[in-house]
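Single-letter residue listing:
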Amino acid sequence: MLRTLRKSKANVAKLNRLNLQLSDTVGELRQMQQENQALLKVVTHDLRNPIGGINTIIGLMMEESGRDADDLETLQIIKSSGEVALSLIEKLLETNPEVSMTCTNVRLDLVLLECIALFDYKATLKGQIIVHQLDEATVYANRSELIRVVGNLLANAIKFSPFESKIFLSMDVFEEEIEVAVRDQGAGIPKDKRKTIFDMDSGPGELGTDGEKSFGIGLSISKKILRAYNGTIGFRDVEGGGTEFYFVLPLVNEQIFD
């Protein structure tokens, strides 16, 4: 009996060790799954805007007079393919990294002008106007990721602003930093979203003024990008209605840029 008891205790100890190893493995697998899901959300979210832009431009091309039947058929195929891609992206976003790209000195005002050009067509479809006030300024960052940040803010402003309204994009250059702000004339941020609006798992947001879906990911992506450049992001209410999202980045000394 004593021998059996000792053997039983040894088996229990061995089983406990195996359980601990199994628990650690399950924890690692769960963490990997969460990281993969986050990466998938980032990729699909960033594909959504350019594919949507292509579809819109194709639609405008199809409305132009003078196109023959073959051209229209080709354009329709492209448009249908884009719609399928958008549908798949939205399903991925509904079911469900840190920055490591090369940085250089970047003229932020030129990046902002490029973003305005990219999103002007979306604003025009809702009768909106993007008004800007920019100054020449240089920051140290990755140009394409700055476009992602500003693009996310402009896309949200267009999405949540009323038809026939104005969206304001401005810059304030200080001694050591620069602030970029995007102001809309929407209904503002719901109280239950204010504390988690920059979290990856904040969940779907409100529908846009034209029924556009919101997946609550773009602001989280922007926060990660800006944090890598020692920047910050936030929002504030606008007197008379609307919200102003802003981000701050360190300013590059003009002598360094030269």
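Residues numbered from 1 in each chain as written. Predicted model: local features only at pLDDT ≥ 70, side-chain atom pairs only at ≥ 80, totals over all residues. Heavy atoms only, no water.

Enquirer: Mind showing me how you'd approach the overall build of the protein chain here?
Expert: What the protein chain contains, in helices and strands, is six helices and seven strands. Each helix (α) and strand (β) of the protein chain, taken in turn from the N terminus, gives the series α-α-β-α-β-β-α-β-β-α-β-β-α. Within the protein chain, the proportion of its 258 residues that are buried is 36%. Carbon and sulfur atoms form 54% of the exposed surface of the protein chain, whose accessible area is close to 15,700 Å². (Helix = DSSP H or I, 4+ residues; strand = E, 2+ residues; numbered from the N terminus. Buried < 20%, exposed > 50% of the residue type's maximum accessible area, 1.4 Å probe, protein only. Areas by Shrake-Rupley, 256 points an atom, 1.4 Å probe, with all protein chains shown as cover.)

Enquirer: Before we go on, may I ask you to explain the layout of surface pockets in this structure?
Expert: Think of a ball as big as a water molecule: rolled over the atoms, this probe shows where empty space is left. Space inside the second largest pocket adds up to approximately 330 Å³. Along the wall of the second largest pocket there are 15 residues; nearest its centre are D46, N49, P50, L118 and F119. Per-element tally for the lining of the second largest pocket: the top contributor is helix α1 (residues 2-63), with seven residues. (1 Å grid on protein atoms, 1.4 Å probe; cavity = no way out; pocket = protein on both sides within 12 Å on 5 of 7 lines; lining within 4 Å. Points joined across faces, edges and corners; volume = space filled by probe spheres on them.)

Enquirer: Can you help me understand the environment of A181 in this one?
Expert: Checked against the element boundaries, A181 lands in strand β5 (residues 177-183). A C-alpha to C-alpha distance of 8.8 Å links A181 and L153, two positions 28 residues apart in sequence. Residues within four places of A181 in sequence aside, it is in contact with F168, L169, S170, R236, E244, F245 and Y246. (Contact = heavy atoms within 4.5 Å.)

Enquirer: Just to check I follow, could you spell out the packing of aromatic side chains for this structure?
Expert: The geometry of an aromatic ring pair is captured by two quantities: the separation of the ring centres and the angle between the planes. Scanning the entire structure with this criterion turns up three aromatic pairs. An aromatic cluster is defined as three or more aromatic residues linked by ring pairs; in this entry it consists of F198, F235 and F245. When the ring centre of F168 is taken as reference, the NZ or CZ atom of R183 above it lies at 4.2 Å. Across the ring face of Y246, the terminal group of R236 is positioned such that the distance to the ring centre comes to 4.1 Å. (Phe/Tyr/Trp six-rings, centres within 6.5 Å; stacked < 30°, edge-to-face > 60°. Lys NZ or Arg CZ within 6 Å of the ring centre and 35° of its normal.)

Enquirer: What's the story with helix α4 (residues 143-160) in this structure? I'm lost.
Expert: Within an α-helix, residues lying three or four positions from one another point in the same direction, as the helix has 3.6 residues per turn. Compared with the 26 Å implied by 1.5 Å per residue over 18 residues, the 26 Å span of α4 between its first and last C-alpha is a close match. For α4, the buried fraction is high: 14 of the 18 residues fall into the buried class. (Expected span 1.5 Å × (residues − 1).)

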